[in-house]
Amino acid sequence: MAHDLFEAARDAMKFAHAPYSKFPVGAAIRADDGKIYTGANIENLSFPQGWCAEPTAIGCMVMGGAKKIVEMAVIAEKLALCPPCGGCRQKIAEFADAGTRIYLCDEAGVQKTLTMDELLPLSFKTDILG
């Protein structure tokens, strides 16, 4: 099933707005409603004001009415197996659980699978703090 997420993330990457870094990234989420939500990084000349592909996909998921990430794929044009950055890991953790699968891709497809707990072992726990 991860292949459809890879394809969705790869297709989303085409919409990246990355004129400054020249580093397009795409992400795709399979949510608890069974739908796939996608995102790409969207940069801004004021670098801290841009956002990554993963929160773009999360925003689409939330606006679509879904509540939980079941699995997620990430791909970057210039870096095989590009993991989500630290900030994105915590953003993903907000909508995932420890066993949520995160697929790291290259141009050929999914090459590595991590659980959310492997990706961010000491995340803030929403069931404790929230």
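The name that an unreviewed UniProt entry assigns to the protein chain is Cytidine deaminase, with the source organism given as Allorhizobium borbori. What UniProt records for the protein chain under Sequence similarities (unreviewed entry) is the sentence "Belongs to the cytidine and deoxycytidylate deaminase family." Taken verbatim from the UniProt record of the protein chain, the Function (unreviewed entry) comment is "This enzyme scavenges exogenous and endogenous cytidine and 2'-deoxycytidine for UMP synthesis."

*Asks:* Help me get a handle on the UniProt feature "active site" (unreviewed entry) in the protein chain, residues and values and all.
*Replies:* UniProt records the feature "active site" (unreviewed entry) for Glu54 in the present numbering. By secondary structure assignment, the location of Glu54 is in helix H2 (residues 53-63). Here Glu54 falls in the buried class, since its relative accessible area comes to 4%. Not counting residues within four places of it along the chain, the set of residues in contact with Glu54 comprises Ala27, Met72, Val74, Pro84, Cys88 and Ile92.

*Asks:* Quick rundown of a nonpolar patch on the surface? Include the residues and the values.
*Replies:* Side chains of Tyr20, Leu45 and Phe47 sit close together on the surface and give an oily, nonpolar patch of about 350 Å² of accessible area. Inspection of the secondary structure assignment puts Leu45 in the loop between strand E2 (36-40) and H2.

*Asks:* A description of the nonpolar core should follow, citing residues and the corresponding values.
*Replies:* Core analysis: the biggest nonpolar cluster contains 24 residues, and Ile29, Met61, Ile69, Met72, Ile92, Ile102 and Met116 have the highest contact counts within it. What Ile102 contacts, discounting residues up to four positions off in sequence, is Met72, Ile92, Lys112, Thr113, Leu114, Met116 and Leu119. Formed by 11 residues, the second largest nonpolar core is a distinct cluster that contains Ala2, Ala73, Ile75 and Tyr103.

*Asks:* Help me get a handle on the pairing of strand E3 (residues 69-76), residues and values and all.
*Replies:* Counting buried positions over the eight residues of E3 gives seven, a clear majority of the element. Taken together, the seven bridges between strand E1 (residues 25-31) and E3 define a ladder with antiparallel strand orientation. Residue pairing in the sheet places Val25 in a bridge with Ala76 of E3. Both E3 and strand E4 (residues 101-106) contribute to a ladder of four bridges, which runs parallel. In the sheet register, Val74 faces E4, and the bridge partner there is Leu104. Assessed by its sense of winding, the connection that carries the chain from E3 through helix H3 (residues 86-94) to E4 is right-handed.

Reading the values: rules and limits
Residues numbered from 1 in each chain as written. Predicted model: local features only at pLDDT ≥ 70, side-chain atom pairs only at ≥ 80, totals over all residues. Heavy atoms only, no water. UniProt positions renumbered as here; feature names shortened; annotations may be inferred. Helix = DSSP H or I, 4+ residues; strand = E, 2+ residues; numbered from the N terminus. Buried < 20%, exposed > 50% of the residue type's maximum accessible area, 1.4 Å probe, protein only. Contact = heavy atoms within 4.5 Å. Patch = residues over 30% accessible without salt bridge, like charges linked within 9 Å, V, L, I, M, F, W, Y side chains within 5 Å. Areas by Shrake-Rupley, 256 points an atom, 1.4 Å probe, with all protein chains shown as cover. Salt bridge = Lys/Arg side-chain N within 4 Å of Asp/Glu carboxyl O. Core = buried A, V, L, I, M, F, W, Y, C linked by side-chain atoms within 4.5 Å. Pairing = 2+ DSSP bridges. Right-handed = clockwise from strand over helix to strand, strands pointing away.

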